[in-house]
Amino acid sequence: MGKNTPNNEIQVELSEEVAQGTYANLAVISHSASEFILDFIRVVPGAPKAKVKSRIILTPDNAKRLLYALQDNIKKFEEQQSNTTSQFDDFIPPIGGKPGEA
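Below is a short write-up of the structure.

What counts and how
- Residues numbered from 1 in each chain as written.
- Predicted model: local features only at pLDDT ≥ 70, side-chain atom pairs only at ≥ 80, totals over all residues.
- Heavy atoms only, no water.
- Helix = DSSP H or I, 4+ residues; strand = E, 2+ residues; numbered from the N terminus.
- Buried < 20%, exposed > 50% of the residue type's maximum accessible area, 1.4 Å probe, protein only.
- Contact = heavy atoms within 4.5 Å.
- Areas by Shrake-Rupley, 256 points an atom, 1.4 Å probe, with all protein chains shown as cover.
- Patch = residues over 30% accessible without salt bridge, like charges linked within 9 Å, V, L, I, M, F, W, Y side chains within 5 Å.
- Salt bridge = Lys/Arg side-chain N within 4 Å of Asp/Glu carboxyl O.
- Lys, Arg positive; Asp, Glu negative; His and termini not counted.
- Charge placed at Lys NZ, Arg CZ, Asp CG, Glu CD.
- Pairing = 2+ DSSP bridges.
- Axes fitted to C-alpha atoms, helices over the stretch in contact; angles between N-to-C directions.

**Considerations on the overall build of the chain**
Item 1. From N to C terminus, the chain includes three helices and three strands.
Item 2. Along the chain, helices (α) and strands (β) appear in the sequence α-β-β-β-α-α when read from the amino end.
Item 3. In the chain, which comprises 102 residues, the proportion classed as buried is 6%.
Item 4. For the chain, contacts bridging at least 24 residues in sequence account for 17% of all contacts bridging at least 6.
Item 5. Accessible area for the chain stands at about 10,000 Å²; split by element, carbon and sulfur atoms hold 54% of it.

This is the structure:
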């Protein structure tokens, strides 16, 4: 029988390239009976096309874990920002609209 690590810890490695991150301003989520697919897209105003920059495929259980982790982090963020964002609690900015002007 093998030894279990005391805390069942997993060492996570983050390369420099991945640590830089990829900017996305739109997510499209779809699912099948066995997986959730999250496509992260960068939309540039005025451009006729948008490219998927990253695709993440999750099991339903892991999608739920992601949902709970996002809810927890958003709650913590809002608690930290409560005095500056309280007027925008239910506001989600629109996609599209008028092109920006310089």
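**Things to note about a positive patch on the surface**
Item 1. A surface patch of like charges, here positive, comprises R42, K49, K51 and K53.
Item 2. With respect to the secondary-structure elements, K51 resides in strand β3 (residues 51-58).

**Remarks on a nonpolar patch on the surface**
Item 1. On the surface, a nonpolar cluster with roughly 250 Å² of combined accessible area is contributed by L66, L70 and I74.
Item 2. With a relative accessible area of 34%, L66 lands in the partly exposed category.

**What about the pattern of salt bridges?**
Item 1. Here the structure, examined in full by the defined rule, presents two salt bridges.
Item 2. D39 is the partner of R55 in a salt bridge, and the nearest nitrogen-oxygen pair spans 2.6 Å. You can see R55 sitting in strand β3 and its partner D39 sitting in strand β2 (residues 36-42), a full 16 residues away along the chain.
Item 3. The exposure class assigned to D39 is buried, which follows from its relative accessible area of 10%.
Item 4. D72 serves as the salt-bridge partner of K76, at 3.1 Å between the closest nitrogen and oxygen. Placement of the pair is K76 and D72 together in helix α2 (residues 60-80), with a separation of four residues, close to one helical turn.
Item 5. Given a relative accessible area of 35%, D72 falls into the partly exposed group.

**Some thoughts on the pairing of β2**
Each regular strand shows side chains that alternate between the opposite faces of the sheet.
Item 1. Alignment of strand β1 (residues 26-31) against β2, held across six bridges, turns out to be antiparallel. The residue of β2 that forms the bridge with A27 is F40.
Item 2. With antiparallel pairing between neighbouring strands as the criterion, β1 and β2 make up a hairpin whose turn holds four residues.

**A short note on the environment of I95**
Item 1. Considering the arrangement of structural elements, one finds I95 in the segment after α3 (82-85).
Item 2. With relative accessibility at 68%, the residue I95 sits in the exposed group.
Item 3. Residues I95 and V43, spaced 52 residues apart in sequence, show a C-alpha to C-alpha distance of 9.4 Å.

**Remarks on the sheet that holds β1**
Item 1. Pairing within the open sheet is antiparallel, and its three strands lie in the order β1-β2-β3. Either end of the sheet is taken by a strand with one partner, and the two such strands are β1 and β3. Strand after strand, the sheet turns through a mean of 20° between neighbouring axes, direction not considered.
Item 2. Against the sheet, α2 makes contact with β2 and β3, and its axis sits at roughly 115° relative to β3, the strand it touches most.

Any functional reading would require information that these geometric values do not contain.
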